[in-house]
Amino acid sequence: MDRSKVQEIIEQQVLTVAKAFEEKLDDEISALDRVDLDDIDALRERRLQQMKKMAEKRNRWVSLGHGEYSEIQSEKDFFTVVKASERVVCHFYRVNWPCKVIDKHMTILAKKHIETRFVKINAEKSPFLAEKLKIIVLPTLALIKNTKVDDYVVGFDELGGTDDFSTEELEERIARSQVIIFEGESSSLSLSKPHTRNVRQSQRSDSDSD
């Protein structure tokens, strides 16, 4: 095939592609032309209402102490916090190194996940709660939704068994119970709720025991 024939075929292919693209563009413009201005106004109003509701939620969360990692001073305060917020992560701790590791990650997550209240309570000074919730191994995170303890993170076993796990690993573990809204790179993994773990069934020896 001579060069002129090859050039003619190439030009024809280019024209075909250009025409198809032009037709697609015309269709998109036509679709936009058919959108009613009332529909656009309705969409804009709906979006504004959503933003307003989100702002109201955020303000309410902040007023309840969301966005900060704080300590609950009494067992009575625990019930007040749980009733006020839909989602709560409560760290039952004692003064030791493993609990300080959890403190570090909780401080970061509290600022990142304003939709959830992050708190801690001294388990040794809360005997009624510790007994009621069967808190045996420390640290233990109680993951609470709608006033009910839905799941536990007990010690470091689910976080690799060591104290050098990342904040993202803890974040992903908490997200499996849907107590936080997780938008990390691992969100493609299943975030379905695991089987609720009762700490009475745990026989962990690598974390500090109450």
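With an unreviewed UniProt entry as reference, the chain is termed Thioredoxin domain-containing protein, source organism Papaver somniferum.

A. View of the overall build of the chain. Within the chain one finds six helices and five strands. When its helices and strands are written in sequence order, the chain yields α-α-β-α-β-α-β-α-β-β-α. Relative to all contacts within the chain whose residues are 6 or more apart in sequence, the contacts with residues 24 or more apart total 70%. Here the chain has roughly 13600 Å² of accessible surface; of this, 52% comes from carbon and sulfur atoms.

B. Structural context of the packing of helix α4 (residues 97-112) against helix α6 (residues 167-175). Their axes nearest at 10 Å, the elements α4 and α6 cross at an angle of 60 degrees. The hand of the α4/α6 crossing is right-handed. Counting all contacts with α4, which are made through H105, I108, L109 and K112, the residues of α6 involved are T167, L170, E171 and I174. Looking at side-chain class alone, the contact of α4 with α6 contains four nonpolar, two polar and two charged residues.

C. Structural context of the side chain of D151. Assignment of secondary structure puts D151 in strand β5 (residues 148-154). The buried category is assigned to D151, whose relative accessible area is 1%. Reaching out from D151, the side chain makes a polar contact with the side chain of R173 at a distance of 2.9 Å. Separated by 2.6 Å, the side chains of D151 and S177 make a polar contact.

D. The pattern of salt bridges, seen in detail. Evaluation of the coordinates by the stated rule reveals eight salt bridges. E171 is the salt-bridge partner of K112, the closest N and O atoms lying 3.0 Å from each other. Of the two residues, K112 is situated in helix α4 and E171 in helix α6; the sequence distance between them amounts to 59 residues. You can call E171 buried: its relative accessible area is 2%. Two residues, R173 and E158, come together in a salt bridge whose shortest N-O distance is 2.7 Å. One end of the pair, R173, is in helix α6; the other, E158, is in the loop between β5 and α6, and 15 residues separate them in sequence. Put simply, D151, E158 and R173 are held in one network by salt bridges that share partners.

Rules used in this analysis
- Residues numbered from 1 in each chain as written.
- Predicted model: local features only at pLDDT ≥ 70, side-chain atom pairs only at ≥ 80, totals over all residues.
- Heavy atoms only, no water.
- Helix = DSSP H or I, 4+ residues; strand = E, 2+ residues; numbered from the N terminus.
- Contact = heavy atoms within 4.5 Å.
- Areas by Shrake-Rupley, 256 points an atom, 1.4 Å probe, with all protein chains shown as cover.
- Axes fitted to C-alpha atoms, helices over the stretch in contact; angles between N-to-C directions.
- Left-handed = near helix turned anticlockwise from the far one by under 90°.
- Nonpolar A, V, L, I, M, F, W, Y, C, P; charged D, E, K, R; others polar.
- Buried < 20%, exposed > 50% of the residue type's maximum accessible area, 1.4 Å probe, protein only.
- Polar contact = N/O pair within 3.5 Å; in protein donor to acceptor, adjacent residues only side chain to side chain.
- Salt bridge = Lys/Arg side-chain N within 4 Å of Asp/Glu carboxyl O.

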